[in-house]
Protein chains: 2
Amino acid sequence: MDHAADPDPVLIRLREGFERIALVLRADLWAAAGDAGLNPAQAQVLALLAARPAGLRAKAIAAHLAVSAPSMADTLSALERKRLLQRTPDPADARAVIARLTEEGRALGRAFASATSQVMVALARLSPGEQADLLLTQIKLIRTLQQAGAIPVQRMCVSCRHFRPNAHPAEARPHHCAFVDAPIGTRDLRLDCGEHEAADPDVQAATWTSFADGSPPLRAPADD
Amino acid sequence: MDHAADPDPVLIRLREGFERIALVLRADLWAAAGDAGLNPAQAQVLALLAARPAGLRAKAIAAHLAVSAPSMADTLSALERKRLLQRTPDPADARAVIARLTEEGRALGRAFASATSQVMVALARLSPGEQADLLLTQIKLIRTLQQAGAIPVQRMCVSCRHFRPNAHPAEARPHHCAFVDAPIGTRDLRLDCGEHEAADPDVQAATWTSFADGSPPLRAPADD
DNA sequence: GCGTTTTAATTAGGACTCCTAATATTATGA
DNA sequence: TCATAATATTAGGAGTCCTAATTAAAACGC
C-alpha cells in the first residue's frame, strides 16, 4: 500500500478522532432517518436538498455526498417512489435532470438538517471559545479539501463575495456580511449559506489571507 | 421530530463540518478498501482488529463500529470467507465468539490503519498548535460521548492508569506515561493505545480534572 | 456543418450492508 | 431450579454501492 515514509503519527490520531465521531454521526442519522422509514443515504439527500430550493443536478448531488452517479440514481429513485422528491429535465441541458424535494420531502429534510444529535450534545459541552476554534479549524480543512478537489465547492462565507473579513477589527464580531449588512463572529461563519455567491478567485485569495491572518481587508469594499 | 427549542446554530454548523469531513473519510476508505477488493465495513473491522491481537467478541466489534450484531455477523462471515479473519468460541463463555485476524488480515488491517488519506493531507497543513488543539477537542468530545453511552469505552491515555497529567508542568510535554516512562505532549495523546489499562473511576475523574485544568496531579504517583 | 469526443443519466448485474424478527444456545439470578 | 437475560446466528427483505454498458445530448475540431 503506502510504505513510502509513514505519516506523522499525530495525523493518524486526528483521523482516528474524526472516524470515531463519524461513527456517531452515522448512528445519529440512522436513528433520525429510521423514525421516518428512511435510511442514511436518503436522509442525507433530503438534508442537502432542503437547503437548495432550486434543486440540484443528480451528478452534483452524487458529488456532494461522495458516491457514484449510479448509486445516487438508486437513491433518487427510492425517494421518488416515496414521493419525497421529483426529477425534472434541466431546461438548460436535455441530458441532465434536476432533483427537487416535494413539500413533504422538504419538511423532512429540514428536520434532518436541524435535528439534535448525540454529537451536538457533546459539542454543546465545549466552551464558546473552543467551539469557535473548532469551527475555524473545520473551515480550514474543508477549504483545503476543496482546493485539492476532494469535495465540491462549498457555499462558505470565506469564499463569498458578500464577506468582509476583519471589517470591525478588535471587536467580538470582527467580520461583516454585506448581504445582511451585519457583523459576524467566528461562530457565525456558515459552511453552507443559501445566499452564497462565489467571489472572483483573486478576491477569494485576498479575502482568505486577510481572514486567516487577521489583517485588515485588502480590497476596496465597493463591489457590492 | 424535535421541535422543542431549536438548538444553538453553531452546534449545527459544527455538526455539518464533521459531516463534510466524514464524507471524505468514507471516500478515502472506499478507495483504500477497493484496492484490496473490500468495502468500507470490512476495512473498518480489519483496522479495528489489527490493534487488538487478542481479538474481540462479535458484539464488541459491532458496538465499536456502531452497527447491529446481525450486520456485523454478515461482515464477519464475508471476511472469514476471504480468509482474513477467524472466529473461535470464547473459552470464558460458550455463547460468545472471538474474532481474530489471520496473518493476511492483520497486514491489511495495519495498512488501512496507517494509510495516508486526503483528510490527513489536509490535517498536515494545520500548524502543530492547531493540531494539538484539535486533538484535545476530539478527546473531550469522545470522552463526553463515552460517558453518555454513545460509544463504547475507548483506550485513551486520559483514562489509563499509567497516565500522569501535568507531571512536568511548564514543559512542552507536560504529561507522563508511566508505562513507557516518558513525557508526553498533547499531540502524543493516544485515542486507542494497546497498553491501555483503565484506571479506577475515582482516579479517572481526578486525572481528568488535573488534565483539563492544567493543575498538578491530585494523587500520589505510587500506584504503578 | 458534421463526425468525434465528452458528458449526464440510467440500466444491468452482483456483492454486500443493514435493518428487524425469530431461533438456538448458554449464562445468570431469584 | 426455572425464568430471564445475553450472545450469536439465520431468515427475509430493502436498499446502497460498485463497475461496465447503454442511451442520448452537448461540445469540440476542422
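For clarity, every value in this text was computed on a predicted model and none was experimentally measured.

Let us now look at the protein's contact with DNA strand D. Near DNA strand D lie 25 residues; those nearest to it are Gln42(A), Ser68(A), Ser71(A), Asp74(A) and Lys59(B). Protein-proximal atoms of DNA strand D, defined as those within 4 Å of the protein, fall in sugar or phosphate at a share of 70%. Between DNA strand D and Gln42(A) there is a distance of 2.9 Å, counted from a phosphate oxygen to a side-chain nitrogen or oxygen. In the environment of DNA strand D, a phosphate oxygen lies 3.1 Å from a nitrogen or oxygen atom belonging to the backbone of Val97(B). Breaking the surface near DNA strand D down by element, the ones donating at least two residues are helix H2 (40-50), helix H4 (69-81) and strand S3 (93-101) of chain A together with helix H3 (58-64), helix H4 (69-81) and strand S3 (93-101) of chain B.

On to H4(B). Think of an α-helix as turning once every 3.6 residues; residues three or four places apart then point the same way. Residue and element names in this part refer to chain B. For H4, which comprises 13 residues, the first-to-last C-alpha distance of 18 Å matches the rise-based estimate of 18 Å (1.5 Å per residue) to within 8%. Restricting attention to buried positions, one finds in H4 the residues Met72, Thr75, Leu76, Ala78 and Leu79. For H4, the arc enclosing every buried residue in end-on projection is 155°, short of the 170-degree limit, so these residues lie on one face. The exposed set on the far side of H4, more than 90 degrees from its buried face, consists of Pro70, Asp74 and Arg81. Immediately downstream of H4, the backbone of arginine 83 shows phi near 60°, a positive value.

Pairing in this open sheet of 3 strands is antiparallel, and the strands run S4-S5-S6 (chain A) from one edge to the other. This sheet does not close on itself; its edge strands, each paired only once, are strand S4 (163-164) and strand S6 (182-184) of chain A.

When the UniProt feature table is mapped onto this chain, "domain: HTH marR-type" (unreviewed entry) is found at residues 11-143 of chain A. Helix makes up 68% of residues 11-143 of chain A and strand makes up 13%, while its end C-alpha atoms are separated by 18 Å.

Right, let's get into the domain arrangement of chain A. Residue and element names in this part refer to chain A. Taken domain by domain, chain A comprises domain 1 (9-119) and domain 2 (126-213). Put simply, the middle of domain 1 and the middle of domain 2, counted by C-alpha atoms, are 24 Å apart. The interface is formed by 5 residues belonging to domain 1 together with 6 residues belonging to domain 2. Here domain 1 packs against domain 2, burying approximately 440 Å² in sum over the two surfaces, 54% of which is carbon and sulfur. For the pair domain 1 and domain 2, the number of links is 1 salt bridge. Residue aspartate 192 is joined to arginine 52 by a salt bridge in which the shortest nitrogen-to-oxygen separation is 3.6 Å. Counting across the interface, domain 1 meets domain 2 through 1 residue pair in polar contact (both at pLDDT 80 or more). Residue composition of the side of domain 1 that touches domain 2, grouped by class: 3 nonpolar, 1 polar and 1 charged.

Conventions we followed
Residues numbered from 1 in each chain as written. Chains lettered and ligands numbered in written order. Predicted model: local features only at pLDDT ≥ 70, side-chain atom pairs only at ≥ 80, totals over all residues. Heavy atoms only, no water. Near = heavy atom within 4 Å. Polar contact = N/O pair within 3.5 Å; in protein donor to acceptor, adjacent residues only side chain to side chain. Helix = DSSP H or I, 4+ residues; strand = E, 2+ residues; numbered from the N terminus. Expected span 1.5 Å × (residues − 1). Buried < 20%, exposed > 50% of the residue type's maximum accessible area, 1.4 Å probe, protein only. Arc of directions from axis to C-beta. Pairing = 2+ DSSP bridges. UniProt positions renumbered as here; feature names shortened; annotations may be inferred. Domains from an automatic or database assignment. Contact = heavy atoms within 4.5 Å. Buried area = accessible area lost by both parts, 1.4 Å probe. Salt bridge = Lys/Arg side-chain N within 4 Å of Asp/Glu carboxyl O. Nonpolar A, V, L, I, M, F, W, Y, C, P; charged D, E, K, R; others polar.

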